[in-house]
Each structure stands twice: as C-alpha cells, then as structure tokens.
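Observations on chain architecture
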Amino acid sequence: MGKRYYYITTPIYYVNSTPHIGTALTTIVADACARFYKRRGRAVYFLTGTDENAPKVHRVAQEQGKPTQQFVDEMAEVFARTWRMLHIEYDVFIRTTEERHKRTVTEVFRRLREKGDIYKGSYQGWYCLSCETFWATSKIGAERSCPDCGKPLEWRDEPCYYFRLSAYESRLREYIQSNPHFIQPEVRRNETLGFLAEGLQDVAVSRSGTDWGVPVPDDPDGGVVYVWFDALLNYLTATGWLERGEEYLDLWPPDLQLMGKDILPRFHATIWPAMLMALELPLPERLYGHGWFLVNQKKMSKSLGNVYAPLEVAQALTTASGCELPYATDAFRYYMLREMPTDSDAEFSLEGLETRYNGDLANDLGNLVHRTLSMMHRYFEGRVASGEWRVEEPLATVFQRQVERATEAFEQVDFPRGLREVWEIISAVNRYYDEQAPWAQMKAGDTQRAGQVLYTGLEAVRILCGLIEPAMPAVAHAIATQLNLPTVPPWSELTEFNRLPGGHILGQPTPIFPRLQAEKATKLGQPHRLEGEPPGEPKKETARQGDKAMNETITIDEFKRLDIRIARVVQAEPVPKTDKLLKLTIELGDETRTIVAGIAETYTPEQLVGKQIVVLANLQPATIRGIVSEGMLLAAEVDGKAILLIPDREVPTGSIVR
RNA sequence: GGCGGCGUAGCUCAGUUGGUGAGAGCGACCGGCUCAUACCCGGUAGGUCGGCGGUUCGAAUCCGCCCGCCGCUACCA
C-alpha cells in the first residue's frame, strides 16, 4: 500500500471567533489547489477543520453562558457552513474534540514519553491565555502584557511535560537546507532558518489549571496536552494513522500544508517536523506560508476588531451588482486569489474588489464569453456549423503557452501570476476579434472566415472555462452550461484544441457578472464586521502605544503590591555588545543590588554614579545578557528615551515610595 | 542592533542568469470599432528604474556606502 492521494491541509481554526478574511484566504487557496490537482486527474484529499481544545475556547463559552461542548458544536458548524458557502470542497472536516483525535494525541504522547522525547519538569512563567503561549521573561515588558496581543499575562507555576525540541535542532536545520522546496515561499524559509539559528528550547507540552482538552495519559495530575501539540496532530489523525494499519500511507505524508505566515516558522516548520522526526514518520512535502491581508495598512486578525466576514462581502457584492450569489461568491474567491499576498502583505479593500469585479470579471471574462456566444447565435444560430473549423494561429500557440504558464504558476501556489497568465488569453482573443472583425466579415459575406474566427474564440472560452475552475467553480459550470458541455473540461483537454465538434449546439448566453454601475453609487459600503467584534481601532494599537489609555483603573490593593523605593547608584557600566543597556550597582537601604537598565541612549555611566533613583524593588529577577537584574529602574519615557526620576532632595536609600 | 527583503509611470505592481528605444493593469485624455455587459481595440501620459560612488564597451538588473520603508529576531526588569 503506497501513496495514493494528494493530501492538502489548512490549519484547523480556533473556534473562539467566526471565519474572517484571513482564515478564508488560507482555505480558498487550499481549495483552489485541491481543485487544480483534481482537474489534473489526481486523487485529492483535502483536510480542514476546527481547533476546539484550547482553554480560551472554554472561557469564551463560559462568557457566553453556554456549555462548552454546545458552543464548539455551534462554532464548528459556522465554519463548515461558511466554507460550503464559499464553494470549499473539503473531503474531511476534522474537529479536535473527536474521540479518534484524542486517541491519536494520547498515543503520540505515550510513545514520545516512553522514548524519552517527552519528559517531566516544571514550568514557571508568564502565560497569555489569549494566545495560549508562555513568554520568556525577556520578551515581556514591565507592564506584563503579551508581546503579541497586548493583553495582561498570568503567572503560572506548575509541573509540566516538555518535548525535547532542542534535540532536533540540527537535524531540522539540515533537512531544511537540503530540501529547498520544503518551506515556501523563500522568505519563510529564510525566516525559519533564522529562527533555528537562535537555538531551540524544549517546549512545554502540557498544562494544568484546566480540564478542557486531552488529558495527559497515565498521570492523573498531569493536566491536559498543550493545545499546539494537540492541534498539529490533527493532520495525522485524519489519515487514520491509528486505525488503518499501513493503509494510512495512502495519504501520509501531506503533500501541501497551507497556512498564514504567522504560524509557519515557530510551529509548522519546527515543532511539527520535530514531532514527526520523533515519531519516525516522513515529513510533509511542502509547507506554504502566505502573507496577510491588511486593512488600511493595519494587521487584521481575530484578536483585532477590523475584520471582514467573507459571506457578508459576497452578499454585499450580490446586492450591489445584481450578480447571482454563487458567482459573486466566486468573484470574491477570484479577488482573494488574484491579490493573494505571497512574500509580503497586501491590502484588502472593497474598492479593490470592485475594480477586479468590473474590470477582470465583467469587462474581460464575462464580456468575452458573452460576445462570443452572442455572435455564434446571431450568425450561426448557436451551432458549430462546420467540422472544418480549427483554432487558428497564432492563437493556438498563445493558448498552449498560457495554459502551460498558468499550470506552472498554480503548481507554485502563485495564483496572482497564474491568473494573470490566464487573462492573457482573454486579451489575446479580444485583440484577435478586433483585427479579424467577424462582424465585418459577415457583412462582406465571408461566412467561412467569420466562423473560423468565432470557433477560435469559442475554443478559448472552453479553455478558459477549465482554467478558472480552481478559482471560480460555479462560474466555470455556468460557462460550461452556456457552451452546452456536460462538464467543465479537465485539464488535459485544455491543450487539446478543436474539441467542439461540428454540429455542436451551444447554450444560451447570459451575462454572468452584471457591471457595478458607478453612477448609481451602488458601492459596497462600509466594512462588514464580524458579529460580536467591537468596531473601532484594533486593540493592539492602544496596547502597543507607549501612552497607555489613562482611564483604566486599578485598586489601591493592587498598587500596594508594588514595592517602590529610592536607591543610589554606586556603580555603572555599559553592558558589552549592547546599545541601550547599563549594568547598575545600587544601594538599597542595607543591601546592594545589581540591576540592568535600558537607558544608555540617554545617560552615560558617569552621569549616573551617585544619583538617587526610583526602583521597583520586588520585581521578579530576570537574566538579561547573562546579568541577573534584581529590580527595575523607573523613568519617564519621552520619544522612546528614558528620563530619570530623581527625588526632590536627598533621602535615605531604601525609602518607600507611595 | 542582527538577519532577510523592499524602494520602477498618479495608484497597484511585472521585470529569470547585466545589452534591441524601460513594461502591464487600474485611473485620465484622444482616436477607432459596434459582435458584446457604455464593452472591446489602438494611441498619449514623456517614470533621474530611492540617493551617491564603483565594476563594465554597456546596469533598473553586479559591488560598496547612504536615506526611507517592511518582516523576523534581539537588549528596553
């Protein structure tokens, strides 16, 4: 039993919010790839699904006053329904709450623990519930907020299992270096190698404090399996690795795993392959991390508030244009693929969608189909009159070349380029019509010439019908119907010309994409936000700005937890190989401490010695550049520069500030 | 700070290994056509190919420096 299916995956999506442009992008790209390979005759297995074992999910459910299971059932249905509405033809929709998945996670955990790749230790650190991530002390600011989402972190101190990720660092690096196509595009590969160069730490793979998730096997106090470890294994579960004996190898390994760039270097290109190495399983053929869509130059993600809901965008397009919903949905798919961010990020806008809709779809594709069929009906009663008609040169050469180029681009998941190549056919035929002017040939009585020209155009329409199917399946079917073909032609027939036989009767032409009328001002309107997402600026912006919102209050008790004192700098020296850091020795009452402060851009060591300063004395010690810092110097921040706070007059060191 | 990348017509961007007069789409203007969804075709827009040097017979394309962006990462206890 060997490999049989072309196995494509998307990440499984968190169910704590509804689908948006970002998750839709990954899923649409995956669907287009899946369809592309199907059209070429491959057996394809396309997996997507939902990640439901996160504690955050549990918490969101509680906030909504729902049993967690009910909540995840509902949300999984929202995702599945959205994907179906977007013409996503997945083969399996996996949910991590399924028993078979839990069995996979349990089994993998056991095996790796027996092997020694998972071991028990303990974890102390700051944890972001929202991002499901522990943060090293060196990563977080004094305000103890999450570097990613800006939300407050929680302190955790718990026994915990670790995965021996560090043991796979060099193997991983060697694999990536000797398999240049493993990680795509190139930028992502470089990023991953850069990430590896920093060195890999063992990662926590269990957590206590919640019972929502897969329990650590054979250890009643072991907590649940870390959600990332759990989630990644869905790709394995779906193959039937546990139940199908050797037969799961008809699927394994994945041929193409798609995802956003944010989860590639850290998870899919490191932890994931390392887990597979530990399991002694073959690695995926190809990991592809696309860029993000920005809205008004700003990042868009579930944690932020500036998110479009895909179905609402499609609905708005239908309303504004009069285009039927399935075709408006395909127009949305087309826009996503045509503008898909590859290396860097790209801008998503309704204006852009309108331009693509009117220009590429209504004026180019739709109009070409319509004018071609209209002329056939007008001049030839909708019938391929002669079996002698052939696709003419130089058009035949153009068709051949463009199909090849588009195919190559689609293989590289480069839909922006692939679709451009497809559209070259459209403009070539438009130019050809203009030169040949079959309407003039008819007037001149040269019916044979006109038929020859139109047949060439007709074949172009047939080829286009096949080429666009991965991007716009419903439109492809509509065109096939107008051509009166039983099915959308498979890829192999796109470079075989003259397939429409003499005597073939064409269907009726109907415009598929009615133009958006500018003068009617039927614009698509304002951003459509997700239900439950607050409007306004992304939360991250305020969290990241130095000037925090002043209206958040804390209690006096919270303030009292801070031990702020006056100290005197007795010694100061720069920290080697740094620009901002000074190592200070300070006198704090009876004791002497060492702290590290990032103020070298504003003060020289000489300026500091002897000065009295304000320090936070009961801050968790942290090691910075190998120096243990036992406290934090307080300073005003002006344009990123630190300005010291100095007592109005000399005070005893160790004095309390309150 | 380190690593990676980018900076080409008003806008969005193509431009493999250096060489015919630097391109496409959108927008604007002019013209043509009339089969078609006021569509399509052609032309014009005269962009120092971020700046300065260098290599070369010749560079947007190679090298160095600088400026400005972006991504990842790192030192802002």
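Side note on the domain arrangement of chain A
- On domain assignment, one finds that chain A holds domain 1 (310–493) and domain 2 (556–644).
- A separation of 66 Å is found between the C-alpha centroids of domain 1 and domain 2.

Considerations on the packing of helix α1 (residues 21–39) against helix α11 (residues 325–338)
- Two elements in contact, α1 and α11, have axes separated by 10 Å at closest approach and are oriented at 95°. Relative to α11, the element α1 is oriented roughly perpendicular. Within the contact between the two elements, α1 uses Ile21, Ala24, Leu25, Ile28, Val29, Asp31, Ala32 and Arg35 and α11 uses Phe332, Arg333, Met336 and Leu337.

Focus on helix α14 (residues 415–436)
- The end-to-end C-alpha distance of α14, which contains 22 residues, comes to 32 Å, matching closely the 32 Å that a straight helix rising 1.5 Å per residue would cover.
- The N-cap of α14, judged by a side-chain oxygen 3.2 Å from the amide nitrogen of Arg417 a few residues on, is Asp414.
- Ala437 sits one or two positions beyond α14 and adopts a positive phi of about 45°.

Some remarks on the pattern of salt bridges
- Summed over all chains, the structure comprises 34 salt bridges.
- For Asp360, the salt bridge goes to Arg356, with nearest N and O atoms at 2.8 Å. Here Asp360 and its partner Arg356 are both found in helix α12 (residues 350–380), 4 residues apart, which amounts to about one turn of the helix. Residues Asp360 and Arg356 agree in their burial class; the two are buried.
- For the salt bridge of Glu493 with Arg499, the shortest nitrogen-to-oxygen distance reads 3.3 Å.
- One salt-bridge network, held together by shared partners, links Asp31, Arg35, Lys38, Arg39, Glu89, Arg333 and Glu469.

Notes on the environment of Thr407
- Structurally, the position occupied by Thr407 is in helix α13 (residues 395–411).
- When the C-alpha positions of Thr407 and Gly418 are compared, they lie 7.1 Å apart, and in sequence the two are 11 residues distant.
- In contact with Thr407, other than residues within four places in its own chain, are Phe36, Arg40 and Trp491.
- Here Trp491 takes part through its side chain, which lies 3.0 Å from a polar atom of the side chain of Thr407.

Brief notes about the environment of Leu368
- Topologically, Leu368 is positioned in helix α12.
- It is 9.9 Å that separates the C-alpha atoms of Leu368 and Pro511, two residues lying 143 residues apart in sequence.
- When neighbours within four sequence positions are excluded, Leu368 is seen to be in contact with Ile426, Val429, Asn430, Tyr433 and Leu464.

Observations concerning the sheet that holds strand β12 (residues 287–290)
- In spatial order, the strands read β3-β2-β1-β11-β12-β7; together these 6 strands make up an open sheet with parallel pairing. Each of the sheet's edge strands pairs with one partner strand only, and the pair in question is β3 (92–95) and β7 (183–184).
- In this sheet, β12 lies alongside strand β11 (residues 256–260) in parallel orientation, the contact comprising 4 bridges. If you follow Gly260 over to β12, its bridge partner there is His290.

Some details on the side chain of Thr26
- Inspection of the secondary structure assignment puts Thr26 in helix α1.
- Look past the residues within four positions of Thr26 in its chain and what remains in contact with it is Thr10, Pro11, Tyr13, Leu258, Met259, Gly260 and His290.

Some details on unusual backbone geometry
- Look at the link from Trp252 to Pro253: it is a cis peptide, with omega at 0°.
- Within the secondary structure layout, Pro253 lies in the loop between α8 (234–237) and β11.
- A cis amide bond, omega 5°, links Glu393 with the succeeding residue Pro394.
- Phi is positive for His87, which is not a glycine, with a value near 65°.
- Checked against the element boundaries, His87 lands in the loop between α3 (68–85) and β3.
- The phi angle at Asn498 is positive, at roughly 65°, despite the residue not being glycine.
- Mapped onto the elements of the fold, Asn498 is located in the loop between α17 (473–483) and α18 (539–544).
- A relative accessible area of 29% places Asn498 in the partly exposed class.

Some remarks on the pairing of strand β1 (residues 6–14)
- β1 sits mainly inside the fold: 9 of its 9 residues count as buried.
- For β1 and strand β2 (residues 44–51), the ladder comprises 7 bridges, and the chain directions are parallel. By the bridge assignment, Tyr6 is partnered in β2 with Val44.
- Since β1 and β2 lie parallel, the crossover through α1 that links them has a hand, and here it is right-handed.
- Across 2 bridges, β1 lies against β11 in parallel orientation. Residue Thr9 lies in a different strand from β11, and its bridge partner there is Gln257.

Some words on the pairing of β2
- Counting buried positions along β2 gives 8 out of 8 residues, so the element sits mostly inside the fold.
- In this sheet, β3 lies alongside β2 in parallel orientation, the contact comprising 4 bridges. Counted as the bridge partner of Thr50 is Arg95 from β3.

Conventions and cut-offs
- Residues numbered from 1 in each chain as written.
- Chains lettered and ligands numbered in written order.
- Predicted model: local features only at pLDDT ≥ 70, side-chain atom pairs only at ≥ 80, totals over all residues.
- Heavy atoms only, no water.
- Domains from an automatic or database assignment.
- Axes fitted to C-alpha atoms, helices over the stretch in contact; angles between N-to-C directions.
- Helix = DSSP H or I, 4+ residues; strand = E, 2+ residues; numbered from the N terminus.
- Parallel < 35°, antiparallel > 145°, perpendicular 65-115°, else oblique.
- Contact = heavy atoms within 4.5 Å.
- Expected span 1.5 Å × (residues − 1).
- Polar contact = N/O pair within 3.5 Å; in protein donor to acceptor, adjacent residues only side chain to side chain.
- Salt bridge = Lys/Arg side-chain N within 4 Å of Asp/Glu carboxyl O.
- Buried < 20%, exposed > 50% of the residue type's maximum accessible area, 1.4 Å probe, protein only.
- Pairing = 2+ DSSP bridges.
- Right-handed = clockwise from strand over helix to strand, strands pointing away.

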